[in-house]
Amino acid sequence: MENGRAQFPFPYQPYDIQEQFMQALYKTLDQGKVGIFESPTGTGKSLSLICGALSWLTDHEEKSRQKTAALLHEGEASLSTSTAPSSAPSSSAEPDWITDFVHKKAERDLVSKLKSCEDEEAFKLLQLSKEEETEAQGDQEDEELIIAEYESDDESKTRSRFCGAEDDTDDELVEEHVNKIYYCSRTHSQLAQFVHEVQKSPFSKDISLVTLGSRQNLCINEEVRRLGSIQRINDCCMEMQKNKRGESPSHTSAKRKRGPAKPVCPYNKASALQQMRDSVLGTVHDIEQMLKLGRETHSCPYYATRLAVPPAQLVVLPYQMLLHEATRRAAGVQLKGQVVIIDEAHNLSDTLSSIHSAELTGAQLCRAHSQLTQYADRYKSRLKAKNLMYIKQILFVIEGLVRVLGGKVGQNPQSQTTQTGTELHSINNFLFKAQIDNINLFKVLQRYFEKSMISRKLVGFVEKYAGSGVSLHTPSSSNKENRRTEGLNRYLQTLQSTQINAPEKVLSASPMMQVEVFFMALTNSNTDGRVLAHRQGTLSESSVKFLLLNPAVHFAEVLKQCRAVIIAGGTMQPVSDFKQELLFSAGVGEERITEFSCGHVIPPENILPLVLCSGPSGQELDFTFQNRDSPRMMDETGRILSNICNVVPGGVVCFFPSYEYSRRIVSHWEASGALTRLANKKKIFQEPKKANQVEQVLSEFSRCIQRCAVDAGGLTGALLFSVVGGKMSEGINFSDDLGRCVVMVGMPYPNIKSPELQEKMSYLDKHLPHSGGRSPGQALIENLCMKAVNQSIGRAIRHRGDYSSIVMCDRRYSRPATLSKLPTWIKSRTSTHTTFGPAFAALRKVRSKYAHESTLKQSPASLQKCIHMLSVYPSSLVLPGEAEASVVSLPLCSTDISKDRGWEDLRGNISTPKMYAFYFKIL
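Analysis parameters
Residues numbered from 1 in each chain as written. Predicted model: local features only at pLDDT ≥ 70, side-chain atom pairs only at ≥ 80, totals over all residues. Heavy atoms only, no water. Pairing = 2+ DSSP bridges. Helix = DSSP H or I, 4+ residues; strand = E, 2+ residues; numbered from the N terminus. Axes fitted to C-alpha atoms, helices over the stretch in contact; angles between N-to-C directions. Salt bridge = Lys/Arg side-chain N within 4 Å of Asp/Glu carboxyl O. Buried < 20%, exposed > 50% of the residue type's maximum accessible area, 1.4 Å probe, protein only. Expected span 1.5 Å × (residues − 1). Contact = heavy atoms within 4.5 Å. Core = buried A, V, L, I, M, F, W, Y, C linked by side-chain atoms within 4.5 Å. Phe/Tyr/Trp six-rings, centres within 6.5 Å; stacked < 30°, edge-to-face > 60°. Lys NZ or Arg CZ within 6 Å of the ring centre and 35° of its normal.

The name an unreviewed UniProt entry gives the chain is DEAD/H (Asp-Glu-Ala-Asp/His) box helicase 11, with Cyclopterus lumpus as the organism.

S.K.: An account of the sheet that holds strand E8 (residues 529-536) is needed here, citing residue identities and associated values.
M.R.: Read across the open sheet, the four strands follow the order E6-E9-E8-E7; overall the sheet is antiparallel. Two strands bound the open sheet, and with one partner strand each, they are strand E6 (358-361) and strand E7 (421-426). Ignoring strand direction, the axes of neighbouring strands in this sheet form an average angle of 15°. Note: E6 against strand E9 (residues 538-548), four bridges, orientation antiparallel. Looking at the pairing, Ala358 lines up with Phe546 of E9.

S.K.: How would you summarise the pattern of salt bridges if you had to cite specific residues and measurements?
M.R.: Applying the stated criterion to the full structure yields 20 salt bridges. For the salt bridge of Glu782 with Arg815, the shortest nitrogen-to-oxygen distance reads 3.6 Å. With a gap of 33 residues between them, Glu782 in helix H32 (residues 776-793) and Arg815 in the loop between strand E17 (804-809) and helix H33 (816-819) connect regions that are remote in the sequence. Glu782 sits in the buried class, given a relative accessible area of 15%. Members of the salt-bridge network, linked through shared partners, are Asp629, Glu660, Arg663 and Arg664.

S.K.: Explain the pairing of strand E12 (residues 607-612) to me, using residue names and the numbers behind them.
M.R.: Judged by how many residues are buried, E12 sits mostly within the fold: six of six residues are covered. Because side chains alternate across E12, one face comprises the buried residues Ile607, Pro609 and Val611, and the other comprises Leu608, Leu610 and Leu612, equally buried. Here six bridges tie E12 to E17, and the two strands are oriented parallel to one another. Within E17, the position partnered with Leu610 by the bridge is Val807. For E12 and strand E18 (residues 831-833), the ladder comprises three bridges, and the chain directions are parallel. Note that in E18 the partner of Val611 across the bridge is Thr832.

S.K.: Account for helix H31 (residues 755-767), with residues named and values stated.
M.R.: An ideal rise of 1.5 Å per residue puts 18 Å on 13 residues; H31 measures up with 18 Å between its terminal C-alpha atoms. Listing the buried residues of H31 in full gives Leu757, Glu759, Lys760, Met761, Tyr763 and Leu764. Contact partners of the buried residues in H31: helix H17 (348-355), E7, E8, E9, helix H26 (575-583) and H32.

S.K.: So what's going on with the sheet that holds strand E16 (residues 741-745)? Residues and values would help.
M.R.: Two pairing modes exist for strands in a sheet, parallel and antiparallel, and in both the strands are linked by backbone hydrogen bonds. Read from one edge to the other, the open sheet built from seven strands follows the order E14-E15-E13-E16-E17-E12-E18, with strand pairing classed as parallel. Edge positions in the open sheet fall to strand E14 (682-686) and E18, since each of these has one partner strand only. This sheet shows a mean twist of 20° between the axes of neighbouring strands, independent of strand direction. Across five bridges, the pairing between E14 and strand E15 (residues 717-723) is parallel. By the bridge assignment for E15, Ile684 is matched with Leu719. Along the sheet, H32 makes contact with strand E13 (650-656), E16 and E17, crossing E16 at roughly 160°.

S.K.: Which residues make up the environment of Val517, and what values do they have?
M.R.: For Val517, the position within the fold is in helix H24 (residues 512-521). On the accessibility criterion, Val517 (44% relative accessible area) is partly exposed. Counting along the chain gives 159 residues from Val517 to Ala358, while the straight-line C-alpha distance between them is 6.6 Å.

S.K.: Got a sec to walk through unusual backbone geometry? Specific residues and values, please.
M.R.: We note that Glu344 has phi near 50°; this positive angle belongs to a residue other than glycine. Positionally, Glu344 belongs in the loop between strand E5 (339-342) and H17. For Gln435, which is not a glycine, the phi torsion comes out positive at approximately 60°. The residue Gln435 is located in the loop between helix H20 (427-433) and helix H21 (441-452) in this model. Owing to a relative accessible area of 48%, Gln435 belongs among the partly exposed residues under this scheme.

S.K.: Account for the nonpolar core, naming residues and giving values.
M.R.: Of all hydrophobic cores here, the largest spans 58 residues; its most connected members are Ile342, Leu348, Phe555 and Ile567. In this structure, Ile454, Val462, Val515 and Leu548 belong to the second largest nonpolar core, which totals 48 residues.

S.K.: Break down the packing of aromatic side chains for me, citing the residues and quoting the values.
M.R.: Here the structure, examined in full by the defined rule, presents 16 aromatic pairs. Aromatic side chains Phe449 and Phe519 sit 6.0 Å apart centroid to centroid with 75° between the ring planes, which places their arrangement in the edge-to-face category. Of this pair, Phe449 sits in helix H21 while Phe519 sits in helix H24, and the two are 70 residues apart along the sequence. Classification of Phe449 by relative accessible area gives buried; the value is 2%. Look at Phe519 and you get buried, because its relative accessible area is 0%. For the cation-ring pair, Arg306 lies above Tyr302, with the distance from its terminal atom to the ring centre recorded as 3.8 Å. Its guanidinium or amino end placed over the ring of Tyr661, Arg628 lies 5.0 Å from that ring's centre, counting from NZ or CZ.

Printed below as a string of structure tokens:
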């Protein structure tokens, strides 16, 4: 089969759509294209990705081996034929005097090179000894905080002429990367789920897989883990690695060792890391298993996994490590000629924009300026002239940023008032306004920040003296310097005390890392981003924010380097706008793009999507910003939910457009008594705002539903109030009884008055073509809304045997343009109802069907008695013995079920017996 494969290894008999998915995936990878794959949750997308992609990788490596073997055989054959005639007369290829000359010349070159390096090293040692004579003993303790001597581009080029082969030899020692697949997703939990699917696949014994993560996730050094914040963990880890390198004989011989021994990580030993690397490559491990393995082997999982990247065939990593170039480079990820699979990619554009955007508050800028000033003042006698020059440039840029916000450095940012307002600038205009357009940000960033690691040095400097009361200057310092020192000391002590009380509000001891990220953002093209200056009354609360308007500029490098890129998700609609914004803008032609979309594996009757245009009292459902706060609209929403809870068993999940609207409508129901009526039917839960409380709420929600399914009490399940785009709208599975109905209240349009959104719309209108009578900016608003809706309503159906109802409460859902943005498998089954009665009848039919089938499965003996009683007493509804407990009633089709109240109790207490009959499915 051309560009395809007849069969794929699979742990069980795959669905037809899974086979189609794998065929399309194999063909896309083989042809080196960019594929957009949409497969609803519950259709086995992960296994299809694994088996399809690894089948291609296996075949591709086999073809490569065969091709290499053929070339080798051909080369050997040609070599043997060419050397056969001449092998007898010439026993030696060259005369001895030529060989001796070449060897002696090589020796002279080596001696010359070594001599030049020795002279330079001797000069450095001489300078070092002179400096040591003049330095104070106390300063030597801060050796790790001093910035190394910085070399400009010209100096590094000069040095490379004498000792430049060092970098080349390092490159030659880098392990070559094998053909591999990079799989990335949003969260570590999603990555762990993917690894578990790999472990269940037929490839689990043959594939070498490594999972990458942050130090916060992979560190097993308890002393480091206790630091809490990811920045502190990173800094401590890197400092330990530097201390380890500093213990080598070459360092100790050149410098006298003073002070206490510096901490070194006991888990970072070469032999142990190599052992763990081999174990990771030999068996598929998830992160938890790697942590356990690291503790057993006494080796660091973070560094062991990075050593395992080159020989690994499948690398699993989070979005940030793949989509951000600097992070990608630091992790040792090389994309040239490889395959990348981006899963859960429905928000890929927003993710790219978020990763490459940056924000700084006035308080952070003032802190960074104060700390860097103190650092330069303390160590100015030990810093080289170039270091001091670049530090002054950094301080000058920070002063310019503070000036844009209407403040001044050197003063308390909380006491500085600013004129309230928001300004948007292009990058160039912002640099002019801040009066920093004469600074070469490329050189300051890409050279100085990277090579000097000044941000990390400053973090160590601040942490070392935080709350210690140690004077940052010698007694001979001027009064001005002492005043600055007192201010920094007071700030550091305040920081330490507030960190104990409110740790979540303190990002780091030093904001220089954030300053560096913002500087990097300013190096984007002038047309690709905007800078937002937001003044909020005081300098400390004001901020400058860089907005990336063109995410394609950063995605283009991934598309250019990779052999093939697969963009997969459960709901990728609308695909046309996705292609326009991310692929066409990145230079990808239409001919390189393939699309695949499949339906769901569930039967059509297992899902009931409804659009409600009006409620039970006839009130039109129009949740626009002007109407949604009206008491009538809130009361009608309460009546809709009450009716749904009357007929839907188990769990009902209701999504609101925002946390604020959820708070207002729940408060209104509490005052009107609607909340009490809802609580009489289902226990009510609300989505927490804190992420660490989500798991607890979900556990209680699940346990409540399980208890109600067993207990014959008054409650029929639980009702969860959630928020679109919140913590429960993505990555949470409301399968089976946890989500028998999902209710969407209104349409979650973004804030059209947001300056960021307005600028994004303006950019799209200017750079993208108009289509369908809509501007790209208007399409963006619709797309943001419907992407959020699709993610929320996709929480319910999670497997083939699952069933659920989806109720969209807003007349605007009935618009053809809006319906077209729903996933295909939902759109084809959606019905629109202008009145509430028919929609409610449809919900009851779904409930009765599955309640009946559930009873059939649970009580076969009782059902035999039911059938017997119906044959003897066809008009009787009271069944003897255990059959009474399993009676299930269905309304007759001829009955006006909108008037029926028999559904108040589904356990046999029928209030209107003449309106019911029994139905049994005889197999």
